[in-house]
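Inside the fold
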Protein chains: 2
Amino acid sequence: MLTYSFTDTEGLSLYEYIYKCIKEDIITGKLTANEKLPSKRVFAKNHGISTVTVENAYGQLMAEGYIYSEPKKGFFVSPIENYIEDTIIKEPYKPESSSNTRNSHGSQNIGRDWADSSSFYNYNSDDQHPVIDFISSKTPADNFPFATWSKIMRQTLGEQEEKLLSKPSAGGVWPLREAIARHLHDFRGISVHPEQIIVGAGTEYLYGLIVQLLGRDKTYGLENPCSNKIRNIYQSLDVKTMPIEMDDEGILSEQEGLKESDVIQISPSHHFPTGVVTSISRRYAILGWANESDDRYIIEDDYDSEFRLQGRPIPSLFSIDTSGKVIYFNTFSKTLASTIRISYMVLPYSLLERFKSALGFYSCTVSNFEQYALATFIMDGYLERHINRMRIQYKAIRDQLIDQIKSSWLAPYISISQENAGLHFLLDIDTDMTDEQLKEKALDMGIAVSFLSDYYDKTATGPAYLSDRHVAVINYSGLGSSGVDLRL
Amino acid sequence: MLTYSFTDTEGLSLYEYIYKCIKEDIITGKLTANEKLPSKRVFAKNHGISTVTVENAYGQLMAEGYIYSEPKKGFFVSPIENYIEDTIIKEPYKPESSSNTRNSHGSQNIGRDWADSSSFYNYNSDDQHPVIDFISSKTPADNFPFATWSKIMRQTLGEQEEKLLSKPSAGGVWPLREAIARHLHDFRGISVHPEQIIVGAGTEYLYGLIVQLLGRDKTYGLENPCSNKIRNIYQSLDVKTMPIEMDDEGILSEQEGLKESDVIQISPSHHFPTGVVTSISRRYAILGWANESDDRYIIEDDYDSEFRLQGRPIPSLFSIDTSGKVIYFNTFSKTLASTIRISYMVLPYSLLERFKSALGFYSCTVSNFEQYALATFIMDGYLERHINRMRIQYKAIRDQLIDQIKSSWLAPYISISQENAGLHFLLDIDTDMTDEQLKEKALDMGIAVSFLSDYYDKTATGPAYLSDRHVAVINYSGLGSSGVDLRL
């Protein structure tokens, strides 16, 4: 029986402390693979705490892949000890895809209803309003902390004249790199030295640098599906790419695509577009893959990890990597504004010297003005406050959206999933219509939406994840602070 | 006999008008190749104008390669009509390298004197002061129009909140592209549509885009010598490069390096480090080379053309190209501050559609804030005023430097050349010492300086321009507004 003492919770909240204790017991092997955990109710009763607290802790452990649940059986420890033996796990566990269970509604499907829907035709003939955009990932203007940013820009211009005109190293100005190191520590539990941080004008630009650093002769494995822009970039950089199929735990570690890749780019914290959070066992399997050869590297794109709406952010792959195999990417275009072109990568020490000697001649692509302004913005705590404010706002928009959908005529035909990890969720639609037809219908209703099928690599031959379903990708980060009325 | 009427000078100054008339007569063939022009004195007398005016006009025509001079014989028309026949000229004319004539000082050379120089030892033991840097091309802080820039940034932040957060197209925000088009028209006589202008975070970044646009399978010809950074960039982008030898008229159009190249990158207005201004006949020969194949293109890097210190700026290759073969590059890092990372390229229409379809998915790498601020800075006339102010300042620094050198003990051993075209000049030293020894001596005196030999492609086999001489490259753009005391 699992028993923990709560006399010293190390400054953590109770749920975080329970999460930490169980996680440590799993990592150290005290809890073994597939061992059953006490039910939430029993655990809560035994420790004299609320069921909600246990639920939160279990939820976080589930999200990170430390435990899995089986319907009507309970919670079990994931087989992560395989990593310790440095082998790729042979039989991945099959956790219940808890939020992905579809509503049951017999043979009825949306096509008929939608085509007949009087509300649809009424809506369209009534009036015109701007298209609601669920495709774009741009941040709306009213999210940006304009007053604060202006104040800091003015302050920066006033105080740091000399510094603003001193050419920084290729990695960026030092105070910003220090600030990012602190931010990474506080927000993501990642401990890095500022010199490991390379600032650049957008993630897209940094991909170009990475290809120059790791070599054009390498094969770059990309998740399938993935953002088309990422595929475009690698194609435009004229390197060989390889689609890597995935399931609801992340990329498949036994897959040919992975074996044939030298460098892979993945988003384990929150995959776009599937929303999948890579399980901890899969994470270790991927690290195991990287460790099989000196030339293998993992690019971890952590683009919206700050906006996990429930539980603590998932630990990054970078932070559990002990072999210098992970290059961590993140951007402020997502947290601040898409028109602020500041991203960064964190190089493992194994690559830092190579970067300095091979690419140190480059000038940093972000102007000093914005680098110093952002450094102040982070160090003075504005970024943290902004993220917290935005997280609350995004949560409200998401809840409002989901409420609208669930209380509409659409409800019987849809199921919603992956709504906690970041700024989009999935809408699985039961229909005989094609995705193209669905998109057209949506556009007629003033809604621009993309489907998972838009993000598959057309050249891939393997079985694509969820490709048998009609899954709309609802990206709500572009909606304003007041959300939208879908008029469903 | 050359006779022009000055009843309508079309709003031009007299010297500009004479320059224009003679240039037109050369282009239209009224004046033929190698035809002798009247002497300055005779021309002035016949037209009842001052000799200085004629001198200015002839000087500009010389600088642009329309005419050449022969010692004690006079001025002659350059053979540019060959371009009209679309053939590469067979016998390039040999103009006198007027400013490159060395002082005569018998067998004496600098090595002995320098080593013995008591002033050198006295200087070194007396005190320490920061190294005077003639290598860096960074702009010093006190050149930057800080107050104006701050005012415009504040204004931009205050007025354009919505626009600042709207994602621009890959080419940049429209008002900046309009402003650049206007600037190019007013300053460089280049007429382009704003949509041809692609804004990016530094020229280095734009080179990467160009390679993605034109293809990695192309061979990129680079001037030899050239800036090592340019060579580093192309090497890092992993494309095949080819050194192209040059003489005092620009790259050699009959050279193997050019024939084997598909795309060449040149700075015809002012080559770094040699300071050579490509002659007009050579320009047409290069355009002729590009026209021989559909896949050939010319990247014209016009990095410091604004700072021509005498006469009007040389017309760009882009402006005389009628076949859509030239991609024009320029940067504001040179005119404003090296820490402002805003450069741009102008694509010919032949490449614009290709750019939009192949690379239009990229986000512009410059933040909107600085794009809008720069647009205002240009449109409100601040850039023009700043350039004029800087040109006066640079001229004063250059004159002060040259005076110091010419009045020092160094005078008998040196000759100065290429001092009018931009922000560096050449110091040709008569010595038995090696360039490395000279550099060490200079560093002992607190002076960091590079030599032409630092910029040669070590893999090149052809005869390198001026490689038999010891030529220091004096880059004075990094000196502050008050110049320096060389303490020679």
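Refer to the structure above for everything that follows.
A quick note: this is a predicted structure, and the numbers were derived from the prediction, not measured.

Definitions and cut-offs
Here the residue numbering is sequential within each chain, running from 1 through the sequence in written order. Working convention: letters from A go to chains and numbers from 1 go to ligands, in the order in which they are written. This being a predicted model, a pLDDT of at least 70 is required before a residue's local features are given, and a value of 80 or more before pairs of side-chain atoms are given or counted; all residues contribute to the totals for chains, interfaces and linings. The side-chain values count all of the structure's non-hydrogen atoms but skip hydrogen atoms and water molecules. Two aromatic rings from Phe, Tyr or Trp, using only the six-membered ring of Trp, form a pair when their centres are within 6.5 Å; if the ring planes differ by under 30 degrees the pair is stacked, by over 60 it is edge-to-face, and anything between is tilted. For the exposure calls, accessible area comes from a 1.4 Å probe over protein chains only, and a residue counts as buried if that area is under 20% of its type's maximum, exposed if over 50%, partly exposed in between. A run of H or I in DSSP counts as a helix once it spans at least four residues, and a run of E counts as a strand once it spans at least two, with each numbered from the N terminus. Placement of a charge over a ring requires the Lys NZ or Arg CZ to be within 6 Å of the ring centre, with the centre-to-atom vector within 35 degrees of the ring normal. By this rule the span expected of a helix is its residue count minus one, scaled by 1.5 Å. It only takes one pair of heavy atoms within 4.5 Å for two residues to be counted as in contact. The convention is simple: Lys and Arg are positive, Asp and Glu are negative, and His and the chain ends are not counted. In the sections that follow, a salt bridge refers to a side-chain nitrogen of Lys or Arg positioned within 4 Å of a carboxyl oxygen of Asp or Glu. Any pair of nitrogen or oxygen atoms within 3.5 Å is treated as a polar contact; in protein, a donor-acceptor pairing is required on top of that, and neighbouring residues in sequence qualify only through side-chain atoms on both sides. Strands were regarded as paired on the criterion that DSSP finds at least two bridges between them. The term buried area means the drop in 1.4 Å probe accessible area that two parts suffer when joined, counted for both and summed.

What to know about the packing of aromatic side chains
What the rule picks out here adds up to 47 aromatic pairs over all chains. With centroids separated by 5.6 Å and ring planes inclined at 75°, the aromatic side chains of phenylalanine 144 of chain A and phenylalanine 146 of chain A adopt a geometry described as edge-to-face. You can call phenylalanine 146 of chain A buried: its relative accessible area is 7%. Aromatic pair tyrosine 205 of chain A and tyrosine 205 of chain B: ring centres 5.7 Å apart, planes at 65°, arrangement edge-to-face. Of this pair, tyrosine 205 of chain A sits in helix 9 (residues 203-214) while tyrosine 205 of chain B sits in helix 9 (residues 203-214), which puts the two residues in different chains. Judged by relative accessible area, which is 11%, tyrosine 205 of chain A ranks as buried. Here the guanidinium or amino end of lysine 325 of chain A rests over the ring plane of tyrosine 297 of chain A, the centre of that ring lying 4.8 Å away.

Some remarks on helix 8 (residues 174-188) of chain A
Think of an α-helix as 3.6 residues a turn; residues three or four steps apart then line up on the same face. All names here are of chain A. Taking 1.5 Å as the rise per residue, helix 8 with 15 residues should run 21 Å; its terminal C-alpha atoms sit 20 Å apart, in good agreement. Inspection of helix 8 places Leu176, Arg177, Ala179, Ile180, Ala181, His183, Leu184, Phe187 and Arg188 among the buried residues, and these make up the whole buried set. Taken together, the buried residues of helix 8 touch strand 4 (197-200), strand 10 (326-331), helix 14 (332-335), strand 11 (343-346), helix 16 (368-379) and helix 17 (382-406). Looking one or two residues past helix 8, glycine 189 carries a phi angle of roughly 60°, positive in sign.

Observations regarding the side chain of glutamate 223 of chain A
All names here are of chain A. Summarising the element assignment, glutamate 223 is placed in strand 5 (residues 219-224). No salt bridge is formed by the buried glutamate 223; its nearest oppositely charged neighbour, arginine 231, is found at 9.0 Å. Separated by 3.0 Å, the side chain of glutamate 223 and the backbone nitrogen of serine 267 make a polar contact. Only 3.5 Å separates the side chain of glutamate 223 from the side chain of histidine 271, close enough to count as a polar contact. Not counting residues within four places of it along the chain, the set of residues in contact with glutamate 223 comprises Arg231, Ile244, Met246, Ile251, Gln265, Ile266, Ser267 and His271.

Some remarks on the sheet that holds strand 9 (residues 297-301) of chain B
Residues and elements named next belong to chain B. If you trace the 8 strands from one edge of the open sheet to the other, you get 4-11-10-9-8-5-6-7, paired in mixed fashion. Single-partner strands in this sheet number two, and they are strand 4 (197-200) and strand 7 (250-251). As defined by bridge partners, strand 10 (residues 326-331) adjoins strand 11 (residues 343-346) across 4 bridges and the pair is classed as antiparallel. Residue pairing across strands places asparagine 330 opposite tyrosine 344, the latter belonging to strand 11.

A closer look at the pairing of strand 9 of chain B
Residues and elements named next belong to chain B. With 5 of its 5 residues buried, strand 9 lies for the most part within the structure. By the alternation rule, side chains of strand 9 split into Tyr297, Ile299 and Asp301 and Ile298 and Glu300, which are all buried. Pairing analysis gives 4 bridges linking strand 8 (residues 263-266) to strand 9, with the strands arranged parallel. Residue pairing for strand 9: valine 263 is matched across the bridge by tyrosine 297. Across 4 bridges, strand 9 lies against strand 10 in parallel orientation. In the strand pairing of strand 10, isoleucine 298 is matched with valine 326.

Considering the environment of leucine 184 of chain A
Residue and element names in this part refer to chain A. Along the polypeptide, leucine 184 turns up in helix 8. Taking the C-alpha atoms as reference, leucine 184 lies 41 Å from aspartate 430; in sequence the two are 246 residues apart. When sequence neighbours within four positions are dropped, the list of residues in contact with leucine 184 reads Gly189, Ile190, Val192, Ile197, Tyr328, Tyr344 and Val346.

A closer look at the pattern of salt bridges
Tallied over the full model, the rule gives 40 salt bridges over all chains. Aspartate 399 of chain A is the partner of arginine 398 of chain A in a salt bridge, and the nearest nitrogen-oxygen pair spans 3.0 Å. The partly exposed category is assigned to aspartate 399 of chain A, whose relative accessible area is 30%. Residues glutamate 24 of chain B and lysine 20 of chain B are paired through a salt bridge, measuring 3.2 Å at the closest nitrogen-oxygen approach. Linking glutamate 24 of chain B with lysine 20 of chain B, this pair stays in helix 1 (residues 14-27), spanning 4 residues, or about one helical turn.

Digging into the sheet that holds strand 13 (residues 424-429) of chain B
With antiparallel pairing, 4 strands are arranged side by side in an open sheet as 12-13-16-15 (chain B). With one partner strand each, in any of the chains shown, strand 12 (414-417) and strand 15 (450-451) of chain B form the two edges of the open sheet.

Overview of the interface of chain A and chain B
Contacts between chain A and chain B engage 42 residues on the former and 42 residues on the latter. At the boundary of chain A with chain B, total buried surface from both sides reaches about 3900 Å², with 65% on carbon and sulfur atoms. Between chain A and chain B we count 2 salt bridges in total. In this structure, aspartate 238 of chain B engages arginine 216 of chain A in a salt bridge whose closest nitrogen and oxygen atoms are separated by 3.3 Å.

In short, the description is geometric, and any link to function would need to be established separately.
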